[in-house]
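Here is what each chain is made of, one letter per residue.
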Amino acid sequence: MHRSSSLSALPSWFLVLPDTAAEAVAEIAARARPHALQSVPHPSGRPWLLGRWDPDAFTLGEAGDARVAVLGEQAVSVAEITRAARAVRTAETLDALGRFAAAWPGSFHLLARDPGGHVRIQGGVVGVRRVFHARTGPATVVADRADVLADLLDAGLDEDRLAVQLLAMGLLHPLNSRPVWHEVEALPGGHHLTLGPDGPARTRRWWTPPEPDVPLAEGAARLAAALGAAVDVRTRGRSLVTCDLGGLDSTAVCCLAARGDAKIVAYTAALRDPLGDDTHWARRTVDALGTVEHHEIPAGQVPLTFDGLGTFDQLLDAPSLMTVDHSRRMSIVRLAAERGSALHLTGIGGDEVLSGASARLHALALRHPRTALRHLRGYRAKYRWPRGLVLRQLLDRRSYPSWLARVAADLTEPPAPSNAPVLDWSERPRMPHWATPDAVASVRRQILAAARTTAPLARDHGAHRELATMECISRFARHVGQLAGPLGVVCSAPYYDDRVVEAGLSVRPQERITPWRYKPLIVEATRGIVPEVSRTRATKANASLEEETGLREHRARLLDLCEDSRLARLGLIDTGALRDWCLRPLEVEVESSLLHTTVACEVWLRSRESMSG
């Protein structure tokens, strides 16, 4: 695949450079500078930050040779960030930043240098604010997009890493989040990277999940405060804000936004499923608020899943499941842009923060066996979990590395049934049967290599599963933002702010995650915020019918992807087997979902190719 011209085509990116005279770094700066609209120098005059960003999203503080900057959805004042820079100068260490960053709401990258020339970069707890890094000569350079580094280093596609992106049905930490370019690596969430003037970069963890010991009532108050601050920091000073108004999560965000001074315009997409009740609850909410401009989009006007596969021409820095559903999901963002909005609020992330993972029962069974047994009975009745599979997963105490080794052995086994219990480290991912033997062998080798060194994201199955899911879905949210950028819209996911995530994860799992109540944490947190007529809604619509209908109506588009497949050129898939799969009727929950990762990779390869041509 030819190298694309990402730096020229992208509306937003940044590059961080160490303060060094190394020739390799100077060359990278020279290549990036013609495409950059903004730059911030080191005290030496060498470039520290280069890129394209919204000036309103950037705040810089300076104190002598110390620099501190934040870039993203934030409202840090110059006075506040200058105090942080002074603290770094006085302490002569970047560790002084911690107490400042913890007090700043929002979602942003934190960038700093100390008087000795050490540079620190950190994103967030999850993957909305990713940090990517690569070695060039003796030094390391950093960017917020993997493709920016790949372009600057002339790094080629890593076909082994791309093969991992074909894995479907489950989440596989840490392989799923690795960039698909040679030489480019991702900084794990909750870590920061420090660059010295010379020598290799150092990575250190700055965040660990909170102990889940807070009672529901106290946790609800914490969540209300954190989510309220997250929404306020985005809406403050704006005259117009748009938002999704669908499920309970986006309803809470919309109602919090409506308490500010901005004009709120909400959009609800109707579903083809007659049981989809988002519009019913949205009307009740809007009627009770009385201040929100509301637009309902008829189901027939909402694009279906798999729409627009042949015309996708946006630059994402990785294959994304967003591709499969991009027309449907971006339809509201386009309406927001036409309405004149520069900020669109979503409820993305609410499921992970609020509903959590029932796999928490794996640890709860040891600490509170009676409560765990009661919850298990509820889940079995609700989801028809087979008793034997429940016991097998509940008694399985193997380590995460051992579990990874088992995943490697079972890569080509049939997926678990839709009613399988979810008490494991994760649903076990599968390679689709159209993956070539070489692709399967490559993924198996990578999993076994990871099993030798990888630790789980948390001690128990449930906490790990929640964080792994957040990492996956927050990457989806980041790609929504990349697609919204060219429209002039910031598409925001307040549930993925660090303080909001912490507030959710700190609540006792037996109170936050229960078969007996729907999202009790947000229900309690929004008393007096969401109107009572909709606060206790206990239903959740889904787009299964949109996918099923889209599969039928866009089958020709899926078959087109089999023609001259880029994945087949790379030796990763058998297009005959894929074509046969696309021609048959498919069950949405399992069989159709197996297609998603393959479609995402194929469309991504074609979009990169078209932009480079």
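The following paragraphs examine the structure supplied in this document. (Residues numbered from 1 in each chain as written. Predicted model: local features only at pLDDT ≥ 70, side-chain atom pairs only at ≥ 80, totals over all residues. Heavy atoms only, no water.)

**Looking at the overall build of the protein**
No. 1: A tally of regular secondary structure across the protein gives 26 helices and 17 strands.
No. 2: The C-alpha atoms of the protein give 24 Å as radius of gyration, which agrees with the globular expectation for 613 residues (25 Å, within 12%).
No. 3: Judged by the C-alpha coordinates and their principal axes, the protein covers about 65 × 55 × 50 Å.
No. 4: Taken across its 613 residues, the protein has 58% of its residues classed as buried.
No. 5: A separation of at least 24 residues holds for 72% of the contacts in the protein among residues at least 6 apart in sequence. (Helix = DSSP H or I, 4+ residues; strand = E, 2+ residues; numbered from the N terminus. Rg over C-alpha atoms; globule rule 2.2 N^0.38 Å. Buried < 20%, exposed > 50% of the residue type's maximum accessible area, 1.4 Å probe, protein only. Contact = heavy atoms within 4.5 Å.)

**Focus on the environment of Ala 21**
No. 1: Its place among the elements puts Ala 21 in the loop between strand 1 (13-16) and helix 2 (23-32).
No. 2: What makes Ala 21 exposed here is its relative accessible area of 60%.
No. 3: In this structure, the C-alpha to C-alpha distance between Ala 21 and Pro 197, residues 176 residues apart in sequence, is 8.6 Å.

**A closer look at the packing of aromatic side chains**
No. 1: For the structure on display, the rule yields 10 aromatic pairs.
No. 2: Pairing Tyr 383 with Trp 385 gives two aromatic rings, centres 6.1 Å apart and planes at 25 degrees, and the pair type is stacked.
No. 3: Taking relative accessible area as the criterion, Tyr 383 reaches 40% and is therefore assigned partly exposed.
No. 4: You can call Trp 385 buried: its relative accessible area is 4%. (Phe/Tyr/Trp six-rings, centres within 6.5 Å; stacked < 30°, edge-to-face > 60°.)

**What about the nonpolar core?**
No. 1: Counting 140 residues, the largest nonpolar core has Leu 15, Met 431, Ile 447, Ile 522 and Leu 595 as its most contacted members.
No. 2: For Leu 595, the residues in contact, after removing those within four places along its chain, are Trp 434, Leu 551, Leu 558, Leu 578, Trp 581, Cys 582 and Leu 586.
No. 3: Grouped together as the second largest cluster of nonpolar side chains are 19 residues, Ala 66, Val 70, Val 76 and Trp 104 included. (Core = buried A, V, L, I, M, F, W, Y, C linked by side-chain atoms within 4.5 Å.)

**Notes on the pairing of strand 5 (residues 66-73)**
No. 1: The buried fraction of strand 5 amounts to eight of the eight residues, a majority that puts the element mostly inside the structure.
No. 2: The antiparallel pairing of strand 4 (residues 58-63) with strand 5 creates a hairpin that spans two residues between the two strands, and Gly 64 there sits at a positive phi of about 60 degrees.
No. 3: Relative to strand 6 (residues 107-113), strand 5 runs antiparallel, the two being bridged by seven bridges. If you follow Ala 69 over to strand 6, its bridge partner there is Leu 111. (Pairing = 2+ DSSP bridges.)

**Some thoughts on the pattern of salt bridges**
No. 1: Under the defined criterion, the tally for this structure stands at 49 salt bridges.
No. 2: Close ionic contact of Arg 459 with Glu 211 constitutes a salt bridge, the shortest N to O distance being 3.3 Å. Pair noted here: Arg 459 is in the loop between helix 16 (437-451) and helix 17 (461-484) and Glu 211 is in the loop between strand 12 (202-205) and helix 7 (216-235), with a separation of 248 residues, a long-range link.
No. 3: On the accessibility criterion, Arg 459 (64% relative accessible area) is exposed.
No. 4: Its salt-bridge partner being Arg 579, residue Glu 563 comes within 3.3 Å of it at the nearest N-O pair. Linking Glu 563 in the loop between helix 23 (555-562) and helix 24 (566-569) with Arg 579 in helix 25 (residues 575-583), this pair joins segments that are 16 residues apart in sequence. (Salt bridge = Lys/Arg side-chain N within 4 Å of Asp/Glu carboxyl O.)

**Focus: helix 2**
No. 1: Along helix 2, the positions that sit buried rather than exposed are Ala 24, Val 25, Ile 28, Ala 29 and Ala 32. Viewed end-on, helix 2 has its buried residues packed into an arc of 140 degrees, placing them on one side of the element.
No. 2: Buried positions along helix 2 lie against helix 1 (6-9), strand 1, strand 3 (47-52), strand 8 (132-136), strand 9 (139-143) and helix 5 (146-153). (Arc of directions from axis to C-beta.)

**Some thoughts on the sheet that holds strand 3**
No. 1: Taking strand neighbours across the sheet as the criterion, the six strands line up as 2-3-1-9-8-10 in an open arrangement whose pairing is antiparallel. The two strands at the open ends of the sheet, each matched to only one other strand, are strand 2 (38-41) and strand 10 (185-186).
No. 2: Across two bridges, the pairing between strand 1 and strand 9 is antiparallel. Within the sheet, the bridge partner assigned to Leu 15 lies in strand 9 and is Ala 143.

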